Amino acid sequence: MPPKINKEECTGCGTCAEECPVEAIVIDEDEGCAVVDEDECIDYGACEEACPVQAIEIR
Ligand code: SF4
């Protein structure tokens, strides 16, 4: 399953996007939070581990 971003928790720091090997995460500057391209995501899981505020959940 692609990661779920908790928009309330996400600070838009960009760490998850930096860790993603297929560049499936971008930071929406208007909303100030991460957005996942579910078509690109390969369920690698690095984003969930990298997020400093645990705003990403992969089930
Ligand atoms: S690492 Fe976490 S807080 Fe930072 S942009 Fe990604 S989801 Fe948001």
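Draft legend 1. Up close: the pattern of salt bridges. Under the counting rule described, the total for this entry stands at two salt bridges. The residue Glu31 makes a salt bridge to Lys7 at a minimum N-O spacing of 3.3 Å. In this pair, Glu31 sits in the loop between strand 2 (25-28) and strand 3 (33-36) while Lys7 sits in the loop between strand 1 (4-5) and helix 1 (15-19), placing the two residues 24 residues apart along the sequence. Lys7 sits in the partly exposed class, given a relative accessible area of 49%.

Draft legend 2. Representation of the pairing of strand 2 in the model. As paired elements, strand 2 and strand 3 share four bridges and run antiparallel to each other. Bridge pairing links Ile27 to Ala34 in strand 3. The loop that links strand 2 with its antiparallel partner strand 3 comprises four residues; one of these, Gly32, has a positive phi angle of about 70 degrees.

Draft legend 3. Quick peek at unusual backbone geometry. The phi dihedral of Asp43 is positive, around 60 degrees, even though this residue is not glycine. Looking at the secondary structure, you find Asp43 in the loop between strand 3 and helix 2 (46-50). The residue Gln54 is not glycine, and still its phi comes out positive at about 55 degrees. By the element assignment, Gln54 lies in the loop between helix 2 and strand 4 (56-57).

Draft legend 4. Broad picture of the nonpolar core. Counting residues in each nonpolar core, the largest one holds 13 residues, and the members touching the most others are Cys10, Cys16, Ile25, Ala34, Cys47 and Ile56. When residues in this core are grouped by element, the largest group, three residues, is from strand 3. Beyond its immediate stretch of four places on either side in the chain, Ile25 contacts Cys16, Ala17, Cys20, Ala34, Val35, Val36 and Cys47.

Analysis parameters
- Residues numbered from 1 in each chain as written.
- Predicted model: local features only at pLDDT ≥ 70, side-chain atom pairs only at ≥ 80, totals over all residues.
- Heavy atoms only, no water.
- Salt bridge = Lys/Arg side-chain N within 4 Å of Asp/Glu carboxyl O.
- Helix = DSSP H or I, 4+ residues; strand = E, 2+ residues; numbered from the N terminus.
- Buried < 20%, exposed > 50% of the residue type's maximum accessible area, 1.4 Å probe, protein only.
- Pairing = 2+ DSSP bridges.
- Core = buried A, V, L, I, M, F, W, Y, C linked by side-chain atoms within 4.5 Å.
- Contact = heavy atoms within 4.5 Å.

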